[in-house]
Amino acid sequence: LKETALKEDLKFYFMNPCEKYRARRQIPWKLALQILKILMVTTQLIFFGLSNQLVVSFKEENTIAFKHLFLKGYSGVDEDDYSCSIYTQQDAYDSIFYVINQYRQLKNISLGTLGYEHEGSGLKICKQQYKKGMMLPSNDTLNIDVSTETECILLNPQELAGKKAEQKLNSSFFSLELQGKGWLIQVEISFKLKGIALQTIHSRELPDCYAFQNTITFNNRAHSGKIKIYFDSDTDIQECKDWHIVSSVLQKNTQYVLVFDGFVILSCFASLVLCTRSIVLALRLQKRFVNFFLEKYKRRVCNADRLEFINGWYVLVIISDVMTIIGSILKMEIKAKNLTSYDVCSILLGTSTLFVWVGVIRYLGYFQTYNVLILTMQASLPKVLRFCCCAGMIYLGYTFCGWIVLGPYHEKFEDLNTVAECLFSLVNGDDMFATFAQIQQKSMLVWVFSRLYLYSFISLFIYMILSLFIALITDSYDTIKKYQQSGFPVTDLHEFLKDHGSVGYRKEQTSIPFICCC
């Protein structure tokens, strides 16, 4: 009786939802809940994505506006990793004073909803230079003290608007040592501005308040006759301290979204409880089977049979539910303008939606035609990971070699991260001709080495390593197809259940739920 009851429970556990319904009339609540959750989570993500899109566009448009406002001669297109560059001493002075004048006249010239930071802040200008230095290039003479000194000055908006502004602007601080005794290393101008995004009102959302920390850096570290100007803007979304909007539509829309997010949290919590319960029951059933097998056959169950009871899809659903619940709570706080953690919320909601849609594969796996993908991935994953570890060693070797040899002669090999991205694009057959053509021919030895380097890498990875990678997956696919035709290898668990019938199960086929028919 104990063995029969255990076999019935095991056979019932490994049934799909529709078979469980036919056997014991157990309604597939988890299946129905997962389908409902997919629709709700995807809808929630779309709404949040549209709202986040407004935030991103507002940040990008303000950054572009700041560059046109504060960078003299800005063409609208950045030069490599910096915004623009200057080449004469007069251009350096003009560019610095241009920033000061634009900051002073901001309210009169800006088209945006911008304002100065609260009192006590303003335009902070810092210059860094060597303490002492003397250089005569004609005589190849150099005398320099490499220790640096930094000097700063703060210009408040009130001071810039008053009569004392000219005194500060004509002070010795603005005498830049571009040549002579102390060489200028860099000038950094930083200031903070406030802004309010009104475009969200058109989307029936409450507006956000923004703080823009802008930094303009005049980089002269190379002393090459070219000063690179970098513009960096860090945007911080803040809670509006005092706002009053006369609109019932905005308030109702916010309430509807909050209620919908509440339903998403409830559905995910119910899914979390059901999946956790299933895992707990599976572990109990595993313990019963292990103890019975040890008691009757005097040997332990293998690890493969133990893992049969751990449903990885349930673990994936639990992780997805936890991330969705936390992300939905953050989204509700953001919607109510109590929090501004858009990035954290985006990662949680985006990853959870990814896991939810990946979890759909579990239900497709009940059909033999669709189950081939899942079984092939399971069979090939260990071999693919071992193969990638070996191929990764070769890849890292080429990455370091390309960085140190081709870095001075090719922009795609200037740093390790860029080299790794360039080689990965070459493996996928992207941008091959440009990589060959952009190598500088200043050194014939390096040019010949670059050809040997690129040809060997492309030949090795595309024709050999990539082909072997595909062959591993193809071999696993062929193995699974043979198993489906001739039968999978029988384990102790399968042998234990092989001769067990369907005793105790009701086989009536009446009133099958619509979801099982689908």
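Residues numbered from 1 in each chain as written. Predicted model: local features only at pLDDT ≥ 70, side-chain atom pairs only at ≥ 80, totals over all residues. Heavy atoms only, no water.

The next thing to look at is the pattern of salt bridges. One pass over the structure, following the stated rule, counts six salt bridges. Measuring nitrogen to oxygen at the nearest pair gives 3.1 Å for the salt bridge that ties D261 to K331. Of this pair, D261 sits in helix α8 (residues 248–297) while K331 sits in helix α10 (residues 312–335), and the two are 70 residues apart along the sequence. Here D261 and K331 have matching classes, each one buried. For the salt bridge of D475 with K383, the shortest nitrogen-to-oxygen distance reads 3.4 Å. Taken together, the residues D475 in helix α16 (residues 444–486) and K383 in helix α13 (residues 368–406) connect sequence positions 92 residues apart. (Salt bridge = Lys/Arg side-chain N within 4 Å of Asp/Glu carboxyl O. Helix = DSSP H or I, 4+ residues; strand = E, 2+ residues; numbered from the N terminus. Buried < 20%, exposed > 50% of the residue type's maximum accessible area, 1.4 Å probe, protein only.)

All told, the structure shown has one disulfide when counted by the stated rule. A disulfide bridge connects C126 with C152, and the sulfur atoms are separated by 2.0 Å. Its torsion about the S-S bond being 110 degrees, the disulfide of C126 and C152 is classed as right-handed. Linking C126 in strand β3 (residues 123–136) with C152 in strand β4 (residues 141–155), this pair joins segments that are 26 residues apart in sequence. (Disulfide = S-S within 2.5 Å.)

As annotated in UniProt, the feature "transmembrane region" (unreviewed entry) corresponds to residues 256–285, 306–329, 341–364, 384–406 and 452–473 in the numbering used here. The span residues 452–473 is 100% helical and 0% strand by assignment, and the distance between its end C-alpha atoms comes to 31 Å. (UniProt positions renumbered as here; feature names shortened; annotations may be inferred.)

Under the counting rule described, the total for this entry stands at 19 aromatic pairs. Taking the centre distance of 6.3 Å and the plane angle of 45 degrees together, the rings of F66 and F70 count as tilted. A residue pair is termed a helical-turn pair when its members lie 3 or 4 positions apart in one helix, as F66 and F70 do in helix α3 (residues 29–70) at four residues. The exposure classification of F66 matches that of F70, with both residues buried. The interplanar angle of 55 degrees and the centroid separation of 5.4 Å between the aromatic rings of Y398 and Y453 together place this pair among those described as tilted. (Phe/Tyr/Trp six-rings, centres within 6.5 Å; stacked < 30°, edge-to-face > 60°.)

It is worth spelling out the environment of M134 at this point. Inspection of the secondary structure assignment puts M134 in strand β3. When the C-alpha positions of M134 and W183 are compared, they lie 8.8 Å apart, and in sequence the two are 49 residues distant.

Below, the discussion takes up a nonpolar patch on the surface. A cluster of nonpolar residues, M393, I394, L396, F400, W403, I404 and L416, forms a patch on the protein surface that exposes about 680 Å² of accessible area. With six residues, the single largest contributor to the nonpolar patch is α13. Relative to the assigned elements, L416 resides in helix α14 (residues 416–427). Residue L416 is classed as partly exposed on the basis of its relative accessible area, which comes to 33%. (Patch = residues over 30% accessible without salt bridge, like charges linked within 9 Å, V, L, I, M, F, W, Y side chains within 5 Å. Areas by Shrake-Rupley, 256 points an atom, 1.4 Å probe, with all protein chains shown as cover.)

Quick look at a negative patch on the surface now. There is a patch of like negative charges on the surface, built from E79, D80, D81, E411, E414, D415 and E421. As for its placement among the helices and strands, E414 is situated in the loop between α13 and α14. (Lys, Arg positive; Asp, Glu negative; His and termini not counted. Charge placed at Lys NZ, Arg CZ, Asp CG, Glu CD.)

Glancing now at α14. End to end, α14 covers 17 Å across 12 residues, agreeing with the expected 16 Å (1.5 Å per residue, within 8%). Of the positions making up α14, those classed as buried are V419, C422, L423, S425, L426 and V427. Backbone nitrogen of N417 and a side-chain oxygen of the N-cap are separated by 3.2 Å at the start of α14; the cap is D415. Following α14 by one or two positions, G429 has its phi on the positive side, about 75 degrees. (Expected span 1.5 Å × (residues − 1). Polar contact = N/O pair within 3.5 Å; in protein donor to acceptor, adjacent residues only side chain to side chain.)

With that out of the way, let us pick up the packing of α3 against helix α4 (residues 89–104). Following both chains from N to C, one finds α3 and α4 inclined at 115 degrees, their axes separated by 9 Å at the closest point. Between α3 and α4, the residues in contact are H68, L69 and F70 and Y98, V99, Q102 and Y103, respectively. Among the residues forming the contact of α3 with α4, the class breakdown is five nonpolar, two polar and no charged. (Axes fitted to C-alpha atoms, helices over the stretch in contact; angles between N-to-C directions. Contact = heavy atoms within 4.5 Å. Nonpolar A, V, L, I, M, F, W, Y, C, P; charged D, E, K, R; others polar.)

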